[in-house]
Amino acid sequence: MSVNISDAMPDDAETRVVLTGFGVFSSIGVGADEFAKGLRAGRSGAKPITLFDTEGFAHANGCEITGSEPERWIHNLPVDTLGRATTFSVAAARMAVEESGVDLEDLRAKRGMISIGTTDGESYDLDNLVETEIASGPAAMDPTTARRVSPNRLSIAAAQELGLSNVEAVTIATACSAGNYAIGQGFDAIRSGEVDYALCGGADAMCRKTFTGFYRLGTIAPDVCRPFDVDRKGILTGEGAGVLMLESLASARARGAKIYAEVLGYGMNCDAYHQVAPNQDSVARCMEIALENAGVKTEEVDLISAHGTGTKANDVTESRAIHDVYGDGPPRTVSLKSMLGHTMGAASALATIACSLSLHHGFIPPTINHRETDPECEIDCVPNESVEADLRVVQNNGLAFGGNNAIVILGKYAEGAL
């Protein structure tokens with residue numbers, strides 16, 4: 001059966017947390033509307049990398065963002081003082097505020113939180129600084145570039161751009177699950193009454209360091225990412241930002257806001273099992289924690305957005321963990337990384353936005369590039385074409401190096417459901 005979300009959360013509009021605005025920069029679309037169109041169409045962001053020199057690599061595709069002009073959303077800060085990831089983060093934060101319909105002056109009068117997750121911070125700038133130092137010595141390093149590299153800028157610059165002074169601004173560095181960590185932090189802060197709103201998500205820019213690291217691990221796909229496919233070869237690195245406006249249901253109702261979805265709960269754990277290999281028991285336990293926190297039963301979940309990297313280790317381990325929790329008939333399970341590539345710290349934030357849009361618009365995005373499901377995975381990955389579906393509850397998995405797992409549970413919001 002489908003869950004009644006009023007049963008999953010306390011009947012208290014002050015402590016129920018909803019999503020009312022999204023800022024999206026991705027290789028398949030900028031903004032919530034274009035992103036939703038890209039998801040529904042199964043659009044691919046894969047293309048040859050141009051952002052840095054890839055000479056010497058046998059293959060170098062990625063999901064790079066081109067032509068997005070994020071500076072259009074940056075009105076108050078000099079863009080040359082912002083690194084590429086911070087530019088995405090700041091622009092996405094303003095976009096989320098504008099899309100939520102909240103008055104910025106009203107927001108400035110309230111207590112808030114800005115929490116942005118990342119894997120690499122401003123490693124794109126660090127790459128360039130190191131290259132300059134090696135070629136010409138430290139004196140030749142550009143001081144403006146050097147001032148951009150602090151990862152704290154991803155959240156602090158967003159506060160500065162929006163003129164938000166009554167906020168806690170933090171950057172979370174739990175790698176590829178960091179976006180979900182940030183959303184969980186905002187969820188708790190609103191439920192407890194600590195803040196009135198939270199701008200949460202993740203941001204990362206493609207960089208040579210990360211591409212090279214994955215390449216040396218043998219996990220960069222030669223052409224496209226094929227999660228759960230028997231012939232999968234690994235990931236494509238990607239980039240982007242996803243920032244979500246979280247507020248209480250009471251706040252959203254009071255101002256007549258559009259509500260995309262409700263955050264029902266989340267789960268986190270860290271098993272520290274291995275630097276890069278996922279642990280099946282730990283991933284399964286994180287799902288259980290999330291479901292328990294949300295008050296949702298396994299039979300009430302309609303869709304899982306998997307971490308789904310397209311590597312041999314992740315896909316089999318994650319699929320088996322899903323079966324450990326859901327039994328022999330798990331919900332349909334998709335991987336957005338087939339379209340977006342692996343956007344690192346932005347990955348689970350963009351996936352949470354995708355899940356919310358799927359709930360709101362009534363469709364399941366596909367796992368593209370699919371030819372034949374690996375028998376070891378045993379899931380319905382919704383191959384290649386989206387399907388219409390009346391979704392009620394969706395689970396979004398975020399897994400990361402070091403065993404940092406974070407999973408968010410979302411529910412469809414319907415006015416009058418109480």
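Keep in mind the model is a prediction, meaning the values are calculated, not measured.

Visitor: Help me understand the packing of aromatic side chains in this model?
Guide: Tallied over the full model, the rule gives nine aromatic pairs. Arranged with centres 4.6 Å apart and planes meeting at 35°, the rings of Phe 22 and Tyr 260 form a pair that is tilted. Of this pair, Phe 22 sits in strand β1 (residues 17-26) while Tyr 260 sits in the loop between α10 (249-254) and β9 (261-270), and the two are 238 residues apart along the sequence. Taking relative accessible area as the criterion, Tyr 260 reaches 3% and is therefore assigned buried. Aromatic pair Phe 211 and Tyr 215: ring centres 5.9 Å apart, planes at 40°, arrangement tilted.

Visitor: Sorry if this is basic, but what is going on with the packing of helix α8 (residues 178-191) against helix α14 (residues 347-361) here?
Guide: Interhelical geometry of α8 versus α14 gives an angle of 65° and a closest axis separation of 5 Å. Counted together, Ala 178, Gly 179, Asn 180 and Ile 183 of α8 and Ser 348, Ala 349 and Thr 352 of α14 form the full contact between these two elements. Each residue belonging to the contact of α8 with α14 can be placed in one class, and the counts come to three nonpolar, four polar and no charged.

Visitor: Explain unusual backbone geometry to me, please; I cannot follow it from the model alone.
Guide: If a residue is not glycine, its phi is most likely negative; likewise, a peptide bond is most likely trans. At Glu 69, a residue that is not glycine, the phi angle is positive and equals roughly 50°. You can see Glu 69 is positioned in the loop between β4 (61-62) and α3 (84-100). Even without being glycine, Phe 228 reaches a positive phi, approximately 65°. Along the chain, Phe 228 turns up in the loop between α9 (208-216) and β8 (240-248).

Visitor: Would you take a moment to explain the UniProt feature "domain: Ketosynthase family 3 (KS3)" (unreviewed entry) in the protein chain for this structure?
Guide: Annotation from UniProt places "domain: Ketosynthase family 3 (KS3)" (unreviewed entry) at residues 14-412. Taken end to end, residues 14-412 has its terminal C-alpha atoms 18 Å apart, with 35% of it in helix and 20% in strand.

Visitor: How do you make sense of α3 when you look at a structure like this?
Guide: It helps to recall that an α-helix has 3.6 residues per turn; residues three or four apart then point in one direction. If you check α3, its first and last C-alpha atoms are 24 Å apart, about what 17 residues at 1.5 Å a residue would give, namely 24 Å. In terms of burial, α3 is largely enclosed, as 14 of its 17 residues are buried. Phi turns positive, to about 80°, at Gly 101, one or two residues after α3.

Visitor: Where do I start with a nonpolar patch on the surface in this structure?
Guide: On the surface, Leu 217, Val 276 and Phe 401 cluster together to form a nonpolar patch covering roughly 250 Å² of accessible area. In this fold, Val 276 is placed in the loop between β9 and α11 (280-294).

Visitor: Quick question: what am I supposed to make of the pattern of salt bridges here?
Guide: Counted by the stated rule, this structure contains 20 salt bridges. The salt bridge partner of Glu 239 is Arg 84, with a shortest N-O separation of 2.7 Å. With Glu 239 in the loop between α9 and β8 and Arg 84 in helix α3, this residue pair connects regions lying 155 residues apart in the sequence. Using a relative accessible area of 22% as the deciding quantity, one classes Arg 84 as partly exposed. Ionic pairing is found between Arg 148 and Asp 125, a salt bridge with its closest N-O pair at 2.9 Å. Here Arg 148 is found in the loop between α6 (143-147) and α7 (153-162), whereas its partner Asp 125 is found in helix α5 (residues 123-136), with 23 residues between them in sequence. Each member of the pair Arg 148 and Asp 125 is classed as buried.

Visitor: Honestly, the confidence of the model for the protein chain in this entry has me stumped. Any pointers?
Guide: It should be kept in mind that the predicted coordinates are not to be read in detail where pLDDT is low. Per-residue confidence for the protein chain gives a mean pLDDT of 94; residues scoring 70 or more make up 97%. Ignoring residues within four places in sequence, the model shows residues 1-10, a span with pLDDT below 50, making 33 contacts including any to other chains.

Visitor: Would you mind going over the packing of α3 against α7 with me for this structure?
Guide: The contact between α3 and α7 brings their axes to 8 Å, and the two run at 45°. When the interaxial angle is binned, α3 and α7 end up oblique. In the crossing of α3 with α7, the sense of the turn from one axis to the other is right-handed. In contact with Thr 86, Ser 89, Val 90, Ala 93, Arg 94 and Val 97 of α3, α7 contributes Arg 153, Leu 154, Ala 157, Ala 158, Glu 161 and Leu 162. Here the residues of the contact of α3 with α7 sort into seven nonpolar, two polar and three charged.

Visitor: Looking at this model, I keep getting lost on the nonpolar core. Mind explaining?
Guide: The tendency in soluble globular proteins is for nonpolar side chains to be buried side by side. In this structure, Leu 19, Phe 22, Phe 35, Leu 39, Leu 244, Leu 246 and Leu 357 are the most contacted members of the largest nonpolar core, which totals 50 residues. Tallying contributions element by element places α14 first for this core, with eight residues. Once you skip the residues sitting within four places of it in the chain, Leu 357 turns out to touch Phe 22, Ala 32, Phe 35, Ala 36, Tyr 260, Gly 362 and Phe 363. Within the second largest apolar cluster, 31 residues are counted, among which are Phe 25, Ala 91, Leu 154 and Leu 162.

Conventions and cut-offs
Residues numbered from 1 in each chain as written. Predicted model: local features only at pLDDT ≥ 70, side-chain atom pairs only at ≥ 80, totals over all residues. Heavy atoms only, no water. Phe/Tyr/Trp six-rings, centres within 6.5 Å; stacked < 30°, edge-to-face > 60°. Helix = DSSP H or I, 4+ residues; strand = E, 2+ residues; numbered from the N terminus. Buried < 20%, exposed > 50% of the residue type's maximum accessible area, 1.4 Å probe, protein only. Axes fitted to C-alpha atoms, helices over the stretch in contact; angles between N-to-C directions. Contact = heavy atoms within 4.5 Å. Nonpolar A, V, L, I, M, F, W, Y, C, P; charged D, E, K, R; others polar. UniProt positions renumbered as here; feature names shortened; annotations may be inferred. Expected span 1.5 Å × (residues − 1). Patch = residues over 30% accessible without salt bridge, like charges linked within 9 Å, V, L, I, M, F, W, Y side chains within 5 Å. Areas by Shrake-Rupley, 256 points an atom, 1.4 Å probe, with all protein chains shown as cover. Salt bridge = Lys/Arg side-chain N within 4 Å of Asp/Glu carboxyl O. pLDDT = per-residue confidence, 0-100. Parallel < 35°, antiparallel > 145°, perpendicular 65-115°, else oblique. Left-handed = near helix turned anticlockwise from the far one by under 90°. Core = buried A, V, L, I, M, F, W, Y, C linked by side-chain atoms within 4.5 Å.

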